[in-house]
Amino acid sequence: PQTIFRKDYTAPAYLVDTVELGFDLDPARTIVANRITLHRNPASKSRDIVLHGEEIELVQVRLNGKALTASQYRLTPSSLTIPKAPADVVLEIETLCAPVKNTTLSGLYVSNGNFFTQCEAEGFRRITYFPDRPDVMAKYTVMLRADKQLYPVLLSNGNLIEEGDLGDGRHYAKWEDPFKKPSYLFALVAARLVCQEERYTLKSGREVLLQVWVEEGNLDKTDYAMQSLKNSIRWDEERFGLELDLDRFMIVAVGDFNMGAMENKGLNIFNTKYVLANSRVATDVDYAGIEAVVGHEYFHNWTGNRVTCRDWFQLSLKEGLTVFRDQEFSADMIGTDTGRAVTRIDQVRTLRQAQFPEDAGPMAHPVRPDSFVEINNFYTVTVYEKGAEVVRMYQTLLGRDGFRKGMDLYFERHDGQAVECDDFRAAMADANGRDLTQFERWYSQAGTPVVTASTRYDVAARCYEITLSQHCPATAGQPDKLPFHIPVAVGLLDANGKDLLLRLEGAPSPKHAPTTVVLELTEATQTFRFKGIDQKPTPSLLRGFSAPVVLEYDYTDAELLHLFSHDSDPVNRWEAGQRLAMERLLVLTSAVAAGDTLALDDTFIAAFRNVLTDDTLDPAFRELALILPSETIIAEQVPVVDPQAIHGARQFMRRTIGAALRPELLAQYHANQTPGDYSPDAVSAGKRALKNLALAYLLIAPQDADLALARQQFEQATNMTDRAAALAALIHSGADASASLASFYADFEQEALVVDKWFAMQAAAPGTDVAAVRQLMLHPAFTLKNPNRARSLLFNFANANPPQFHAADGSGYDFWAEQVIALDKINPQVAARLARSMDRWRRYVPALQVHMRHALERVAARSKLSNDVLEVISKALS
Ligand code: HT7
Ligand code: ZN
């Protein structure tokens with residue numbers, strides 16, 4: 001397959017002014033008539049019109065009114081080229097496609113009998129021939145024709161300008177989008193759906209129509225999505241001064257979808273998982289996901305749609321920025337400082353769980369990649385979450401007001417354009433009079449920087465020195481890295497745990513000395529001096545996780561315990577607990593591997609007890625503080641991964657905590673009940689989280705009373721959060737959970753998203769081996785064709801059940817290879833995601849590596865692999 005390089009970018013030869021699309025929708029044979037007006041791009045020397053096209057049948061092509069013969073164009077399986085075209089052109093192209101056969105869920109496809117589209121990144125070319133690249137922006141008019149009975153609802157981008165009957169049982173709707181857009185933002189829906197709708201008044205006084213479209217039985221699950229949409233609209237007005245630019249904004253839910261949702265202009269298409277919720281079927285985590293994704297897609301209207309990407313290498317321009325915006329939105333919706341911190345801790349966990357491993361593995365790439373084979377493989381945690389960290393660092397360096405100034409300038413300069421990450425950085429720099437040249441390295445260098453800190457206290461000079469050094473491990477194609485511009489937020493605690501007032505040598509003294517200072521590390525090594533320090537402090541480094549780095553500092557246990565008890569920065573308070581746990585988990589892992597006796601010290605237990613029982617702390621924070629680092633995160637800390645030893649060590653620690661803190665866990669379980677009507681608000685969700693964590697600890701080595709408690713919660717729960725948590729605890733306890741599983745399935749078999757949970761819980765349970773997963777695949781509700789279902793069983797087994805996936809006989813890997821191959825025939829994007837589960841194979845113990853290599857080679861040996869899977873597997877093996 002061909003590798004595409006960022007350095008090879010060339011401007012399009014022709015630009016498109018208008019697009020008129022006509023669809024005669026039929027599942028087996030849809031006719032697409034496409035009339036585009038183009039003009040030669042003065043920025044290009046070429047006179048060839050290059051149109052992309054895939055898996056579509058060309059019926060005819062006319063240029064300026066005349067039908068072209070086959071000798072007048074070049075047709076390949078992926079393009080239609082018209083050489084030496086005139087300067088101004090009207091092209092009329094007719095093609096055929098078969099949406100019902102389209103299992104890739106890219107382009108035009110059928111889901112549960114309805115038509116949907118997904119065009120990002122390169123799906124539009126599966127609908128019609130077109131310069132399918134984001135720097136070609138045009139105005140679209142769309143005419144949809146379809147059977148009225150089967151598809152009563154016909155939607156596309158923008159405004160409905162005409163609709164009516166065609167007389168033959170078919171009807172039509174004509175839509176016009178007033179804004180120029182790239183083809184990846186095109187969408188249509190033709191379906192039997194119903195909607196919740198509301199008129200909403202913007203701050204300016206303009207009224208807009210908001211709609212959430214779902215299948216008929218789901219109208220009782222749209223309130224939260226609608227509320228989240230209204231909150232998003234208000235938030236973007238208030239925080240960034242950005243108003244909804246359309247008169248109508250639609251969200252449509254579809255059960256078959258490759259990702260979370262898609263920000264098509266005015267017609268967002270969503271995975272049902274991020275729309276449908278009521279207390280019976282959705283958990284607190286689901287509710288938070290809906291708020292975040294509804295916000296995310298809505299915020300794209302400005303950061304992505306009004307200003308889009310010049311090419312797909314710039315993907316993080318819109319994704320990193322929009323993730324940052326949705327993170328800030330979710331934090332502001334909670335509104336409290338601890339609530340903010342809790343969302344931040346969640347973000348740090350995601351980075352460590354998924355992004356740091358990606359940055360250290362065979363698919364490592366910069367936030368702005370330099371090359372790819374298949375762009376769909378680059379919708380990654382690096383582009384999204386690390387990209388959001390990069391945007392957050394602008395805010396940390398420039399302040400909230402400075403960041404807002406940069407955003408204002410970005411829109412002033414680039415509204416209606418397709419631009420690069422460098423343009424965003426330039427707007428931030430110019431709006432604030434700052435030189436952000438070095439900051440560019442966050443976009444161009446892959447890998448997670450390691451910042452090493454050392455400290456020195458000079459009693460006589462009353463001076464405390466912090467020396468920071470940085471280095472970044474080599475990644476493929478980037479052996480040597482240059483220093484990054486890293487904001488390191490620090491505080492200093494006195495012996496009572498109080499923050500000291502900070503005066504940094506060489507920096508202007510503010511009127512009121514702060515308790516947190518952002519140090520700007522730009523060299524390989526730098527020393528910072530704090531003046532007027534009367535006693536040796538405990539440093540709180542990288543407060544708020546101010547940069548996406550690994551921080552190394554030789555903390556003593558006493559210092560960590562001090563921070564865990566007192567740090568005013570909740571992120572670092574949590575971090576101290578994670579470090580205390582990690583140190584012990586590493587020792588325990590070695591002990592399990594060596595067959596030694598295992599032990600956990602009382603000091604650690606006491607520290608956990610203190611946090612668990614400290615009622616001055618938010619339950620949501622306490623819950624996070626008491627979750628141990630995951631097996632994946634532990635695996636990243638050891639030189640050679642022995643998954644059974646890691647699992648054994650973590651289970652031992654959980655069991656020991658569960659036994660030692662039994663009375664306190666029970667007390668918290670009872671103290672954090674949320675009686676009355678269910679509400680997904682952060683305080684109630686935090687209480688449920690702590691209560692259910694307590695239950696999970698109690699059920700690791702349960703007494704009969706604990707099992708009874710879990711069964712009672714399962715049976716009497718009035719919401720899905722409590723019901724699912726009880727069921728998961730029962731499954732993980734090792735006790736017989738079959739009756740509960742059966743009753744859960746019977747109660748919810750009509751609710752696809754709950755059936756996903758049912759598969760997912762079993763897939764992740766350490767008692768579920770490959771044979772059991774194969775058995776679950778035979779269940780009538782299982783299908784590889786639905787991405788949510790495939791993810792619930794296969795991805796959870798591969799990624800969330802390390803002891804079974806990494807079974808010593810390699811059976812987990814054989815199963816993985818089989819499923820990657822099977823999925824690739826149906827849906828390459830989803831198959832390639834599953835293929836990523838083997839990324840870190842070279843870090844495992846030799847005996848497992850042999851099996852892993854064999855499984856990877858088995859996939860690589862297939863003759864008809866998609867580019868998606870081929871890229872992932874070849875990079876893993878290279
Ligand atoms: N911008 C959207 C990306 C997306 C996507 C990409 C590839 C294949 C399928 C897809 N569905 C949606 C999602 C987002 O970041 O908002
Ligand atoms: Zn996005």
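- Identification of the protein chain as Aminopeptidase N from Rugamonas apoptosis is taken from an unreviewed UniProt entry.
- UniProt's Cofactor (unreviewed entry) comment on the protein chain is quoted here verbatim: "Zn(2+)".
- According to the UniProt record, the Catalytic activity (unreviewed entry) comment for the protein chain reads "Release of an N-terminal amino acid, Xaa-|-Yaa- from a peptide, amide or arylamide. Xaa is preferably Ala, but may be most amino acids including Pro (slow action). When a terminal hydrophobic residue is followed by a prolyl residue, the two may be released as an intact Xaa-Pro dipeptide."

**Examining the overall build of the protein chain**
At step 1: Each helix and strand counted, the protein chain has 26 helices and 32 strands in total.
At step 2: Computed over the C-alpha atoms, the radius of gyration of the protein chain is 28 Å, within 12% of the 29 Å expected from 2.2 N^0.38 for a compact globule of 878 residues.
At step 3: Of all 878 residues assigned to the protein chain, the portion counted as buried reaches 50%.

**Re the sheet that holds strand S13 (residues 153–156)**
At step 1: One open sheet holds the four strands; their spatial order is S10-S11-S17-S13, and the pairing between them is antiparallel. This sheet does not close on itself; its edge strands, each paired only once, are strand S10 (107–111) and S13. Pairwise comparison of adjacent strand axes, ignoring direction, gives a mean angle of 15° for this sheet.
At step 2: Here S13 runs beside strand S17 (residues 188–191); their pairing, made up of four bridges, is antiparallel. When the sheet's bridge partners are listed, Leu-154 is paired in S17 with Ala-190.

**Some words on the domain arrangement of the protein chain**
Accessible area lost during the coming together of the parts is what is often quoted as the interface size.
At step 1: Annotation of the protein chain at the domain level lists domain 1 (14–192), domain 2 (196–306), domain 3 (308–444), domain 4 (450–553) and domain 5 (749–878).
At step 2: A straight line from the C-alpha centre of domain 1 to that of domain 4 covers 55 Å.

**Observations concerning the site of ligand 1**
At step 1: Near ligand 1 lie 15 residues; those nearest to it are Glu-120, Asn-258, Met-259, Met-262 and Tyr-379.
At step 2: Elements with a minimum of two residues in the shell around ligand 1: strand S21 (261–262) and helix H2 (284–299).
At step 3: A breakdown of the residues in the shell around ligand 1 according to their chemical character gives five nonpolar, six polar and four charged.

**Some points on the sheet that holds strand S8 (residues 79–82)**
At step 1: Strands sit in the order S4-S8-S7 across an open sheet of three strands; the sheet is antiparallel. Because the sheet does not close on itself, it has two edges, and the strands there are strand S4 (49–52) and strand S7 (74–76). Going from strand to strand, the sheet's axes swing by 10° on average, the running direction of each strand aside.

**A word on helix H16 (residues 704–716)**
At step 1: Compared with an ideal rise of 1.5 Å per residue, which puts 13 residues at 18 Å, H16 spans 18 Å between its outermost C-alpha atoms and is within 8% of the ideal.
At step 2: Taken together, the buried positions of H16 are occupied by Asp-706, Leu-709, Ala-710, Gln-713 and Phe-714. Down the axis of H16, the buried side of the element spans an arc of 135°, and every buried residue falls inside it. Exposed residues lying more than 90 degrees from the buried face of H16 are Asp-704, Ala-705, Ala-708, Gln-712, Glu-715 and Gln-716.
At step 3: In this structure, the buried side of H16 is in contact with helix H15 (682–698), helix H17 (720–733) and helix H18 (738–748).

**Here we look at the environment of Asn-377**
At step 1: Here Asn-377 shows up in the loop between strand S24 (371–372) and helix H5 (381–414).
At step 2: What makes Asn-377 buried here is the crowd of 24 C-beta atoms within 10 Å.
At step 3: Filtering out sequence-adjacent residues up to four positions away, Asn-377 remains in contact with Phe-372, Ala-832, Asp-868, Glu-871 and Val-872.

**Considerations on the UniProt feature "domain: Peptidase M1 alanyl aminopeptidase C-terminal" (unreviewed entry) in the protein chain**
At step 1: With numbering aligned to this structure, UniProt lists the feature "domain: Peptidase M1 alanyl aminopeptidase C-terminal" (unreviewed entry) at residues 557–877.
At step 2: Counted over residues 557–877, helix gives 73% and strand 0%. Its end C-alpha atoms are 41 Å apart.

**Here we look at the packing of H5 against helix H6 (residues 421–432)**
At step 1: At their nearest, the axes of H5 and H6 sit 7 Å apart, and the two run at 110° to each other. Judged on the interaxial angle alone, H6 and H5 are roughly perpendicular. The interaxial crossing formed by H5 with H6 has right-handed handedness. Across from Tyr-394, Leu-398, Gly-402, Lys-405, Gly-406, Asp-408, Leu-409, Tyr-410, Arg-413 and His-414 in H5, the residues of H6 making contact are Asp-423, Phe-424, Ala-427, Met-428, Asp-430, Ala-431 and Asn-432.
At step 2: Split by residue class, the contact of H5 with H6 holds eight nonpolar, four polar and five charged.

The rules behind these values
Here the residue index of a chain counts from 1 through its sequence in written order. In the order they appear in the text, chains get letters beginning with A and ligands get numbers beginning with 1. For this predicted model, a pLDDT threshold of at least 70 governs which residues receive local features, and a threshold of 80 or more governs which side-chain atom pairs are given and counted, while totals over whole chains, interfaces and linings are taken from all residues. UniProt positions are given in the numbering used here, feature names are shortened, and annotations may be inferred rather than shown by experiment. Under the DSSP-based scheme used, a helix requires at least four consecutive residues in state H or I and a strand at least two consecutive residues in state E, with every element numbered from the N terminus. For the radius of gyration, the atoms used are the C-alpha atoms, and the globule rule reads 2.2 Å times the number of residues raised to 0.38. The burial label depends on the number of other C-beta atoms within 10 Å of a residue's C-beta. Counts of 20 or more mean buried, 12 or fewer mean exposed, and intermediate counts mean partly exposed, with C-beta atoms placed from the backbone. For two strands to be treated as a pair, DSSP must find no fewer than two bridges joining them. With axes taken as lines fitted to C-alpha atoms, and helix axes fitted only over the stretch in contact, angles between N-to-C directions fall between 0 and 180 degrees. Segmentation of the chain into domains, including their bounds, is taken from an automatic or database domain assignment. Proximity of a residue to a molecule or strand is defined by its backbone-placed C-beta atom lying within 6 Å of that partner. Under the grouping applied here, Gly and all other residues not named as nonpolar or charged are polar, the nonpolar ones being Ala, Val, Leu, Ile, Met, Phe, Trp, Tyr, Cys and Pro and the charged ones Asp, Glu, Lys and Arg. Each residue after the first adds 1.5 Å to the expected span of a helix. The arc in question is the one traced by the directions running from the helix axis out to the C-beta atoms. A residue pair is marked as a contact if its C-beta atoms, positioned from the backbone, fall within 7 Å. Each angle gets one of four labels, with under 35 degrees taken as roughly parallel, over 145 as roughly antiparallel, 65 to 115 as roughly perpendicular, and the rest as oblique. Whether a crossing is left-handed or right-handed is set by the direction in which the near helix is turned from the far one by less than a right angle, anticlockwise for left-handed and clockwise for right-handed.

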